[in-house]
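What follows is the residue order along each chain.
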Amino acid sequence: MQGWAAIVMGVLSGSLPWLSMMVLHKRYRFLQYVDDTLGVIHTHALAGVLGGILTGLFAQPTLKRYFSPIKGSPGSIYGGPGTSHDQVGRQIVGALFVIGWNVVV
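Residues numbered from 1 in each chain as written. Predicted model: local features only at pLDDT ≥ 70, side-chain atom pairs only at ≥ 80, totals over all residues. Heavy atoms only, no water.

K.L.:
Go over the overall build of the protein with me, naming the residues and quoting the values.
P.N.:
Summing up its helical and strand segments, the protein has five helices and zero strands in all. Counting all 105 residues of the protein, 24% fall into the buried class. Restricting to contacts in the protein with at least 6 residues of sequence separation, those with at least 24 account for 49%. (Helix = DSSP H or I, 4+ residues; strand = E, 2+ residues; numbered from the N terminus. Buried < 20%, exposed > 50% of the residue type's maximum accessible area, 1.4 Å probe, protein only. Contact = heavy atoms within 4.5 Å.)

What follows is the structure, given as C-alpha cells:
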C-alpha cells in the first residue's frame, strides 16, 4: 500500500479501538460483563480486523507483486469491475477463520 494509505490505516486503527474502549464499552452493559481487563478485544481483535480489511481495500497491484508471485486481485480502490471486492473478501474470510480458531482452541 502507499504511504498515505498507511497513515489512514494507522489513524483509524489507533482511534477506533480507543473509541470502542472508552465510549462503547461504557454505553453497552453487555460489554461490561466481559472480563477484558487489558482491552485485548478492543486493541487486538478490533484493530486487527480493521487493519486486515483496510489492507484489502488499499492493496496496490504494483506493490503487491513484490510480496506474492501468485496473481491475485488488487484492493478495492484499484480493482476493476466485478473483482474489486475480491481482496477485501479474502481478508474478511481470513479474519473469520482466525476468530473461529480462537473460539475453538
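K.L.:
Talk me through the nonpolar core; I want residue IDs and the actual numbers.
P.N.:
One finds Ala5, Met9, Leu50, Leu54 and Phe58 forming the largest nonpolar core, which totals five residues. No other element matches helix H3 (residues 40–58), which puts three residues into this core. (Core = buried A, V, L, I, M, F, W, Y, C linked by side-chain atoms within 4.5 Å.)

K.L.:
Tell me what's going on with the side chain of His42, and back it up with residues and numbers.
P.N.:
Mapped onto the secondary structure, His42 falls in helix H3. At a separation of 2.6 Å, a polar atom in the side chain of His42 contacts the side chain of Ser20. Beyond its immediate stretch of four places on either side in the chain, His42 contacts Pro17, Ser20, Met21, His25, Asp36 and Ala47. (Polar contact = N/O pair within 3.5 Å; in protein donor to acceptor, adjacent residues only side chain to side chain.)

K.L.:
Could you give an account of a nonpolar patch on the surface, naming the residues involved and the relevant values?
P.N.:
Taken together, Leu16, Trp18, Leu19, Met22, Val23, Leu24, Tyr28, Phe30 and Tyr33 make up a surface patch of nonpolar side chains, about 920 Å² in accessible area. Here Val23 shows up in helix H1 (residues 3–27). For Val23, a relative accessible area of 31% gives the class partly exposed. (Patch = residues over 30% accessible without salt bridge, like charges linked within 9 Å, V, L, I, M, F, W, Y side chains within 5 Å. Areas by Shrake-Rupley, 256 points an atom, 1.4 Å probe, with all protein chains shown as cover. Salt bridge = Lys/Arg side-chain N within 4 Å of Asp/Glu carboxyl O.)

K.L.:
So what about H1? Which residues, and what values?
P.N.:
Between its first and last C-alpha, H1 extends 35 Å over 25 residues, near the 36 Å set by a 1.5 Å rise per residue. By the largest-angle criterion, Ser20 marks the main kink of H1, which is about 35°. The complete set of buried residues in H1 reads Ala5, Met9, Pro17 and Ser20. Close packing links the buried residues of H1 with H3. (Expected span 1.5 Å × (residues − 1). Bend = angle between axes of the 7 residues up to and from the residue.)

K.L.:
Pulling in residues and values, what's your account of the packing of H3 against helix H5 (residues 86–104)?
P.N.:
Each pair of packed helices can be described by the angle between their axes along with the distance between the axes. Two elements in contact, H3 and H5, have axes separated by 7 Å at closest approach and are oriented at 160°. Between H3 and H5, the interaxial angle falls into the category roughly antiparallel. Crossing hand, H3 versus H5: right-handed. Residues Val49, Gly52, Ile53, Thr55, Gly56 and Leu57 of H3 form the contact with H5, whose participating residues are Gln87, Val88, Gln91, Ile92, Ala95 and Ile99. Classifying every residue of the contact of H3 with H5 by side-chain character gives seven nonpolar, five polar and no charged. (Axes fitted to C-alpha atoms, helices over the stretch in contact; angles between N-to-C directions. Parallel < 35°, antiparallel > 145°, perpendicular 65-115°, else oblique. Left-handed = near helix turned anticlockwise from the far one by under 90°. Nonpolar A, V, L, I, M, F, W, Y, C, P; charged D, E, K, R; others polar.)

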